[in-house]
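# Analysis of the macromolecular model
Spelled out from the first residue to the last, the chains are:
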Amino acid sequence: MRIRAPLLIGRDTELAELGAALANARKGRGSALFVVGEPGIGKSRIAAEAVGTAYEAGMVVLRGRAGSFGPSVPFRPLAEALLSLVRGGASAIEADLGPYRPVLGRLVPDWDHGDTQRDASFVVLAEALLRLMGVVGRERGCLLVLDDLHDADLETLAVVEYLCDNLDLQPGVLLATVRSEPGAALDLADSATRRDTGRALHLERLGAAQVRVFAASCLDSDPERVPIEVTDRLWEDSAGNPLVVEELLRGMVSAGRLVPGAGGWQLVRALRTEVPDTLVRSITQRADRLGPKGEALLSAAAVLGRRFPLSIVQRVTGMDDHTLLGHLQSAVAAQLVASDDRGPDWYAFQHPLTAEALLARLTPTDRAALSARAADVVTALHPDLPGEWCQLTAVLRRAAGETSVAAGHYLEAGRRALADGAAQSAITLLEQAERLLSDHGDPTSRAEVVEALLYALAEAGNLERAFELAGTLDDHGTAADRTRRAALHVRLAWVTQIAGRWEDGIDQVREARRLLGEHAAPEHTAPVDAVAASLALNAPGRHRTREAEELARRAVAATDRVPLPVIACQAWRTIGTVARERDLDEAWRHFDRARRVAEEHRLPIWRIYALMGLAGNAWLAEGDTSVLAHARVEALRVGALPLAVNVDAILALDTVLRGDHEVAAYRLDAVLADATRLHLTAVVRYVLMARAVLSAHRADRPGMDRELAEFARHGGPGSQEQPLALGLARAVCALLEEDHAAAGAEFAAVLVAQAENPTTFFLAGRHGLHLLLRVVAGDAGWAEHAEVTAAPAGGMRWNRQFVLLATAVLHGRDGDAGRAEDAARRALAAAEPYPLGRALGLRLVAEAAHGGGWGEPAGWLRQAEEYFHQRGVAAPASACRALLRQVGAPVRQRRAGTDRVPVGLRELGVTSREFEVLELLVHRLGNKAIATRLHISPRTVEKHVASLITKTGRADRAGLVELAAEHR
C-alpha cells in the first residue's frame, strides 16, 4: 500500500505566507521565498502545494529541478522551467521578449533562431528571465519553482540572487527549495532574508503530537485509532522527520506488524528495537526485498546519480529486456524509483538520499568496478560524450580510480562550460581536474588544466586569483608553450581593461611581450598591440592618444599580412576614435572599415561597435541622434544589451544638453540602474558625469557636488570623462551663478586635465564656450580663434554655437557689423536644439553687441531673461534685466518672482531680490562680489543685507549665512 500523508501537517504558517505571496504577485507585487530544511522535511510537498494553489488561481507555473546525475549542469533548473513553458504551447511570447529572446535561446532550443547570445553574462540572462516572468504573468501572475536549489550551479544561484533583488515590481513569485546544509544555496537564502529581498521559510521537525496526526494521515485514520506505542516509536526513531516517519511506517505495515482492524489499526507483533531510525536503513530494507538482480539494477543506477537512463543501466547489468523491466516495475512499486519527465528511457530515485544510501552499501572495490563498467558503457553509446555525458563520465572514471582519464574529462567539460558562458561551472570542473593532477598528473596535462582555469577565472572576473595563477605558469617551456601563455596574458589584459584596472592590464601586456620575445610572428604580436592600444587610450597618460594610435596601426599592419578579423575591428575602432580630434571624415572612414570587416566575417558584436563609432560622429557633428538610435536597435536585435546601455547613456546626455531636464533625469536614473546591474563600470562613470552636468544646468550646485563626489569614487580623476565634469558641469554652473571668474578657473582646469590626460570627448569647452568667454572678456583674439576653428572639435554642433558667437564678437570689435550679424545668425541656428546654450550665449554677447552697434542685444537679452526666469535661475536672469536697463530697454517686472521665496521667509516679508542676495551669502561673498553677480550696486546689497537681518531676526551677517545654508 502507499504510505504517504495526503495532508500537510504543521505547516499552516508557511502555507499562509505562500498564499499571501501568490495573491500579491497577481497584483503585481512579486517576492522570493526559500523553503529551507533537512532532507525529507517536506520541502517538495510545500512546493507542490504552492503549485496547486497557483494553478487554481489561473497563474502560469514554471517548474525546474537542479538535481541531476553527475556534476551540476549550468542553468539546468532554469532550462527545465522554461521548457515546461514551451511544452505548454507558450511560444507566442517570443515576440514580447524583444532583445531578451536571443539571450533565452541558450536555454530554450525552440527560441534559438541562429542569433542566440551564448556569451551573454549571467546578469543579462537573469534580466531576461525577469522580463519573461513579467510577460507570462502580466494577466494572472507567475510562479517559478526551483526544486533542490542546493544542487544548482553557481551561475543559477547568481541568476536567483538577481531575481530576488528585482522581483518586487514584477507579477511573479520565485519559490526555491534548499537543504539546510552549509553551501552556496543556503548562504543565498540567508543573505536574501537579511537584505529583505527574499524570505527563508525554515521547516522545523514535527513535534510528538504532530507526528501522531501525521502518521494517522498516512494511514487514512483518526489519530485515536492508531496505537499510541506506534506513534511514540515513530517519534523517537524519526526525530520528527516526515519522510522518515513515512518510511518507518511503511516498514511496519509491510512487515505485518501493523494491520488494519475493526477498531482501527492494531499491533499484531511487537515492535522490534532494531527498527531503522534513518531513511538509509529504510531504503536498504526495501532494496533487499527486490532480490540480487533488483539490487544490481539499483546499484548500477545509483552510480549514475539520482536520475539515470534505463539503456545505460541495462548494458551495465547485462539484463535482458524482460528481466530488466520486471525488476524495474518492482522498484517502482516499492516507491524507490519513478519515471522521469526527461523521456521514456529516463527514471529517477524517489528521494535524493536513495542513491546515496544504495552507494553506501557497496564496498569500495565493488563501487570502483561498477563505475568503470558504467563509464565504458556511456563512452560506447556516446563516443563524443556530448553535454552532460562528459561530466558524468568524469565522475565515474574518478570513482573507478582512473585519475588521469577523469581529469581529461573534467578538463573537456570545463572548456565546454566556458564556451557556453558558464564560467563559474567551468571553474568548478577545472578545479576538480587540477586537484586530480596536482599529485599524480604529468606536468603537461596539468599545464593545460591550469591554462583553461586561468581563462575561466578571467571570464568570471576573479582577477586576483587569475593573476596569482598566472604567476605560477612555468616559464621554461617550448616556444609553443610561451606563445600559448602569452595569449592568456592578452586575455587577462582585456579583462583588466573592462574592469578599469589599467596598471594591471599594462603588466599583462608587458608579460605577454616578454614571453613572445623580439621576433614573434605577426599573428601573435597583433593581439598584444590591439589590447595595448585600447589600454593606452583609456589609461591616464599625457601621450595616451598618440600611443594608442601607434599601437593600433601596428596591429592593423599585421592584419594586412595575416587574416585576423577581430583584431582588425578592434584596431580600426581605436584609430577612428583617436582620429576624431583631427578629422571627422577620416574617423568615419576608419569606423566604416571596421564595420565592413565585421560584416564580412560575421562578427555581430564588433559590427555594433563600429556602428556606435559612426553614430558618435553624427551626434558630435550635427547633434543627430538617429544613427545612435539605429545602433541601439541593432544592439538589442542581437541581444547585445551592454552596448545598448552604452548608447542609452549618450542619448541621456544629449537630452540634458537639449534642456529636457525632467526626461533626462528619468533616463539617467534608468541607465544607471541598468549599467550597475550589468557591471558596466565605464558606463556608470559616464552616467555619473552626466548627472552632474544635469544638476549644473539646473544651477543646483549642491546636487552637482554630490554627483561629482560619486563620480570621483568611481574613478573620475584622470578618466576620459573628467574634462566634461569640469567644463560641462562645474564651469557652466559657475556661469549660471554669474561667477565668470570661477568659470574661467574651471575651464583652465579643463586645459590642464586635457594636457595631462588627452581625452576623446570634445564638449568640455576648450573648443567652444571657453573661447567665447575669453573673447567677451577681451582675453582672446583672432589668433586663438583660428587655433580653435582649425580643429574639428570647433565645428561640432554644441561647440559651434559658441565659436560662431565668438566670431561675431571679434567682427564687431573690428567694426564689421555685417559679418558680426551673419556669424550671430549662424550661431543661433546652430544653437536651436540647445536652449540653455543659446540663452547663455545671448547673455554673454549682448553687451558687446550693444557696444559695437550690431545685432539685437535688447531682444537677445529678453529671450535669455525669459528662459532663465522660467527655469528659476535667478543670477543670470537678474543680470539680463540689469543689462536691459543699461542699454535703455524697458524691463519686465517680475513680481511673480516672489514664488521662489520659501513660505517662511515670505511671511517675514523677504522680497525676491533680498532672497537672491541671501542665496549668494552662502558662498560667503562680499557686497562687491554679490553686486557684480546681480548687476546692482554694493550699496544696494548692503541695504538688502541690513533688511534681511531685521526681518529674519538674525544677529549679524554670519547668522544670515547660516540661514542661507538652511534654505540652500
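These lines cover the structure that appears in this document, whether it is placed above or below. None of these values were measured; they are calculated from a predicted model.

### A short note on the packing of helix H37 (residues 769-777) against helix H39 (residues 797-813)
- Where H37 contacts H39, the axes come no closer than 8 Å and their chain directions differ by 20°. Between H37 and H39, the crossing angle belongs to the class labelled roughly parallel. Between H37 and H39 lies a crossing of left-handed hand. Listed contacts from H39 to Leu 769, Leu 771, Leu 772, Val 775 and Val 776 of H37 are Phe 802, Val 803, Leu 805, Ala 806, Val 809, Leu 810 and Arg 813.
- Residue composition of the contact of H37 with H39, grouped by class: eleven nonpolar, no polar and one charged.

### Digging into the environment of Leu 358
- Within the secondary structure, Leu 358 sits in helix H16 (residues 352-360).
- Separated by 236 residues in the primary sequence, Leu 358 and Ala 594 place their C-alpha atoms 60 Å from one another.
- Those residues in contact with Leu 358 that sit more than four places away from it in its chain are Ile 283, Ala 287, Leu 298, Ala 302 and Phe 349.

### Focus on the packing of aromatic side chains
- Counted according to the given criterion, the structure contains eight aromatic pairs.
- Between Trp 606 and Tyr 609 the ring centres are 4.8 Å apart and the planes differ by 35°, which places this aromatic pair in the tilted class. Here Trp 606 pairs with Tyr 609, and both are found in helix H29 (residues 604-622), just three residues apart, close to one helical turn.
- Residue classification places Trp 606 among the buried residues on the basis of a relative accessible area of 18%.
- Seen in terms of ring centroids, Trp 798 and Tyr 834 are 5.1 Å apart; in terms of plane orientation they differ by 80°. Their pairing is edge-to-face. Placement of Trp 798 in helix H39 and of Tyr 834 in the loop between helix H40 (817-830) and helix H41 (835-852) is noted, with a sequence separation of 36 residues between them. Comparing Trp 798 with Tyr 834 shows no difference in burial state: the two are buried.
- Following the ring pairs from residue to residue traces out a cluster consisting of Trp 798, Phe 802 and Tyr 834.

### A few points about the nonpolar core
- Counting 164 residues, the largest nonpolar core has Phe 34, Leu 132, Leu 149 and Phe 868 as the members making the most contacts within it.
- Counting residues per element, this core draws most heavily on helix H31 (residues 641-657), which supplies twelve residues.
- Those residues in contact with Phe 868 that sit more than four places away from it in its chain are Leu 736, Leu 836, Ala 839, Leu 840, Arg 843, Val 873, Pro 876, Ala 877 and Cys 880.
- Val 313, Tyr 410, Val 449 and Ala 456 belong to the second-largest nonpolar core, a separate cluster that totals 65 residues.

### Notes on the environment of Val 647
- Within the secondary structure layout, Val 647 lies in helix H31.
- Along the chain, Val 647 and Thr 379 lie 268 residues apart, while their C-alpha atoms are 49 Å from each other.
- Dropping the residues within four chain positions of it, Val 647 is found in contact with Met 612, Leu 628 and Arg 632.

### What about the pattern of salt bridges?
- Tallied over the full model, the rule gives 53 salt bridges.
- Where Glu 756 meets Arg 542, a salt bridge forms, and the shortest distance between an N and an O atom there is 2.5 Å. Of this pair, Glu 756 sits in helix H36 (residues 740-756) while Arg 542 is found in the loop between helix H25 (522-538) and helix H26 (544-561), placing the two residues 214 residues apart along the sequence.
- Judged by its relative accessible area of 45%, Arg 542 is partly exposed.
- For Arg 698, the salt bridge is made with Glu 662, and the minimal N-O distance between the two is 3.2 Å. Remark: Glu 662 occurs in helix H32 (residues 661-677) and Arg 698 occurs in the loop between helix H33 (681-697) and helix H34 (701-713); sequence separation between them is 36 residues.
- Its relative accessible area of 61% is what places Glu 662 among the exposed residues.
- Residues joined in a network through salt bridges with shared partners are Asp 592, Arg 595, Arg 596, Glu 599, Arg 607 and Glu 634.

About the thresholds
- Residues numbered from 1 in each chain as written.
- Predicted model: local features only at pLDDT ≥ 70, side-chain atom pairs only at ≥ 80, totals over all residues.
- Heavy atoms only, no water.
- Axes fitted to C-alpha atoms, helices over the stretch in contact; angles between N-to-C directions.
- Helix = DSSP H or I, 4+ residues; strand = E, 2+ residues; numbered from the N terminus.
- Parallel < 35°, antiparallel > 145°, perpendicular 65-115°, else oblique.
- Left-handed = near helix turned anticlockwise from the far one by under 90°.
- Contact = heavy atoms within 4.5 Å.
- Nonpolar A, V, L, I, M, F, W, Y, C, P; charged D, E, K, R; others polar.
- Phe/Tyr/Trp six-rings, centres within 6.5 Å; stacked < 30°, edge-to-face > 60°.
- Buried < 20%, exposed > 50% of the residue type's maximum accessible area, 1.4 Å probe, protein only.
- Core = buried A, V, L, I, M, F, W, Y, C linked by side-chain atoms within 4.5 Å.
- Salt bridge = Lys/Arg side-chain N within 4 Å of Asp/Glu carboxyl O.

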